[in-house]
Amino acid sequence: MTDTQSWTAIVMAGERPGGDPLAAHFGVPAKALLPVLGVPMIGRVVRTLLDCPSADRVLILAQQPDRLMAGELAWMAADPRVSAHASAGGLADAIDAVAGSDAAPFPILVTTADHPLLTVPMVEAFLRGSAGADVAFGAVERRVMLAAYPENRRTWQEFKGAAYTGANLFALTGERSLAALDLYRRIEADRKHPLKLLRHFGLGLALRVATRTIPLQQALDRVGRRIGVTVRLVELPDAEAGIDVDKVSDHAEVEAILRARRG
């Protein structure tokens, strides 16, 4: 991986079966269109990605992408750097269908439409941190988040020495990374069957994760060896990288942060 290599940025903008309760609360047809200070979330995310020096194209994946690129977001359809693909199935299936194609050549950055606090420095820091790995994902450590936003409520994954929340940033740097997508797909299929899940990780690793006796990167190293890829945790120093919009309270917090950014 070199600093001059251009990334494909994929924006996941799919909808839950039966509709999203947050979209319903705000009266918009899709969560990605939820307005944040009057601007649909997905528009904020795409503009940020287009401003990133490392990304030269943006691909939107959604069940009905055309309706996300109309009206005040018609500028996305008019920009030759932005394209869209109708997706089906889960996250892994949607990405696997396009990864490595002309529409989404490697290396690939994946993020989500509900991350309106995303900034160019966040993205560039994450991509630098992913260098040399087949797969990487961004996360914010709990102490970083609580130092900046002590009232913030996130879901924390506990490991030895630290707890993390995801930053909705993922890197797939080449064909080898598809093995991680396949693992994710199998985990999703077995997520309601704990005994089946053990097959993917092994009893020893599962016990160490459950008892919080292994650091996250060491756990990722062991998973990576099982499937033949290198997996990298990229800890981001900016707490806002770990804040997306999943709840009404998140929406209020994000709008407050963006107002403060305006100064």
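All residue numbers refer to position in the chain's written sequence, counted from 1. Where totals are concerned, whole chains, interfaces and linings use all residues; where local detail is concerned, this predicted model gives features only for residues with pLDDT of at least 70, and gives and counts side-chain atom pairs only at 80 or more. The basis for every side-chain value is the complete set of heavy atoms in the structure, and neither hydrogens nor water enter the calculation.

(A) Layout of the overall build of the chain. Elements are defined by DSSP. Helices are runs of H or I of four residues or more, strands are runs of E of two residues or more, and each kind is numbered from the N terminus. Helix and strand counts for the chain come out as eleven helices and ten strands. Only the C-alpha atoms count toward the radius of gyration. The rule for a globule is 2.2 Å times the residue count to the power 0.38. The C-alpha radius of gyration of the chain comes to 18 Å, within 12% of the 18 Å expected for a compact globule of 263 residues. Its C-alpha atoms give the chain principal-axis dimensions of about 55 × 45 × 40 Å. Exposure classes here rest on a 1.4 Å probe applied to the protein chains alone. A residue is buried below 20% of its type maximum, exposed above 50%, and partly exposed in between. Here the chain holds 263 residues, and 49% of them are scored as buried. Summed over its atoms, the accessible surface of the chain is roughly 12500 Å², and 54% of this surface lies on carbon and sulfur atoms. Residues scored as positive are Lys and Arg, those scored as negative are Asp and Glu, and His as well as the terminal groups of each chain are ignored. Charged side chains are reduced to one point each, which is NZ for Lys, CZ for Arg, CG for Asp and CD for Glu. Across the chain, 30 positive and 30 negative side-chain charges occur, with their mean positions spaced 7 Å apart. Surface accessibility follows the Shrake-Rupley procedure with a 1.4 Å probe radius. Residue values consider only the protein chains on display as shielding.

(B) Fine view of the packing of aromatic side chains. Stacked, tilted and edge-to-face are the three classes applied to pairs of Phe, Tyr and Trp rings, where Trp contributes its six-membered ring and a pair requires centres within 6.5 Å; stacked means planes under 30 degrees apart, edge-to-face means over 60, and tilted covers the rest. Scanning the model with the defined rule gives zero aromatic pairs in all. Charge over a ring is defined by NZ of Lys or CZ of Arg lying within 6 Å of the ring centre and within 35 degrees of the ring normal. Above the face of the tryptophan 75 ring, arginine 47 is positioned so that its terminal group lies 3.8 Å from the ring centre.

(C) Looking closely at the side chain of threonine 48. Structurally, the position occupied by threonine 48 is in helix α2 (residues 41-50). The contact criterion used throughout is that any non-hydrogen atoms of two residues lie within 4.5 Å. With sequence-adjacent residues up to four places away left out, threonine 48 is seen in contact with Leu118, Thr119 and Val120.

(D) Highlighting unusual backbone geometry. The omega torsion across phenylalanine 106 and proline 107 is -5°, close enough to zero to call that bond cis. With respect to the secondary-structure elements, proline 107 resides in the loop between α4 (91-96) and β6 (108-112). Phi angles above zero are rare outside glycine, and leucine 37 is one such case at about 50°.

(E) Looking closely at helix α10 (residues 216-227). Each residue after the first adds 1.5 Å to the expected span of a helix. In this model, α10 (twelve residues) spans 17 Å end to end at C-alpha, consistent with the 16 Å of a helix rising 1.5 Å per residue. Those residues of α10 that sit buried are Leu216, Ala219, Leu220, Val223 and Gly224. One side of α10 carries all its buried residues, which in axial view fall inside an arc of 135°. Where α10 ends, the next residue or the one after it, glycine 228, has phi of about 80°, a positive value. Arc definition: directions from the helix axis to the C-beta atoms.

(F) Expanded view of the nonpolar core. Think of a nonpolar core as a cluster: buried Ala, Val, Leu, Ile, Met, Phe, Trp, Tyr and Cys residues, connected wherever their side-chain atoms sit within 4.5 Å. Judged by nonpolar contacts, the single largest core of 55 residues is most densely connected at Ile42, Ile60 and Leu68. Elements that contribute at least two residues to this core include exactly β1 (7-12), α1 (21-26), α2, β4 (55-62), α5 (120-129), β7 (135-141), β9 (162-172) and α11 (248-262). Take this core: its biggest share by element is six residues, from α2. Filtering out sequence-adjacent residues up to four positions away, isoleucine 60 remains in contact with Val11, Ala13, Ile42, Val46, Leu68, Met69, Met76, Val82, Ser83, Ala84 and His85. Ile10, Leu61, Ala94 and Phe106 belong to the second-largest nonpolar core, a separate cluster that totals 17 residues.

(G) Up close: the environment of glutamate 240. Here glutamate 240 lies in the loop between β10 (231-235) and α11. Here the alpha-carbon distance between glutamate 240 and aspartate 114, two residues 126 residues apart in the chain, equals 13 Å. In this structure the side chain of glutamate 240 is engaged in a polar contact, spanning 2.4 Å, whose partner is the side chain of tyrosine 149. Counting of polar contacts relies on pairs of N or O atoms within 3.5 Å, with two restrictions inside protein: one atom must be capable of donating a hydrogen and the other of accepting it, and residues adjacent in sequence are counted only when both atoms are side-chain atoms.

(H) The pattern of salt bridges, seen in detail. Definition used for salt bridges: Asp or Glu carboxyl oxygen within 4 Å of a side-chain nitrogen of Lys or Arg. Following the criterion strictly, the structure yields 17 salt bridges and no others. Salt bridges linked by common partners bring Asp93, Asp96, Asp182, Arg185 and Arg186 together as one network.

(I) Structural detail: the environment of aspartate 93. Assignment of secondary structure puts aspartate 93 in helix α4. Its relative accessible area of 35% is what places aspartate 93 among the partly exposed residues. Considering only alpha carbons, one finds aspartate 93 and leucine 61, 32 residues apart in sequence, at a separation of 11 Å. The residues touching aspartate 93, leaving out its near neighbours within four places in the chain, are Ala88 and Arg185.

(J) View of α2. Of all the ten residues making up α2, nine are buried; the element is thus mostly covered by neighbouring parts of the structure. Within the span of α2, buried status applies to Met41, Ile42, Gly43, Arg44, Val45, Val46, Thr48, Leu49 and Leu50.

(K) Structural view of the pairing of β4. β4 sits mainly inside the fold: six of its eight residues count as buried. Relative to β4, β1 runs parallel, the two being bridged by six bridges. Opposite isoleucine 10, over in β4, you have leucine 59 as the bridge partner. Here the rule is simple: two strands pair whenever DSSP picks up at least two bridges between them. Judged from the five bridges that link them, β4 and strand β5 (residues 82-86) form a sheet pairing that is parallel. By the bridge assignment, leucine 59 is partnered in β5 with serine 83.

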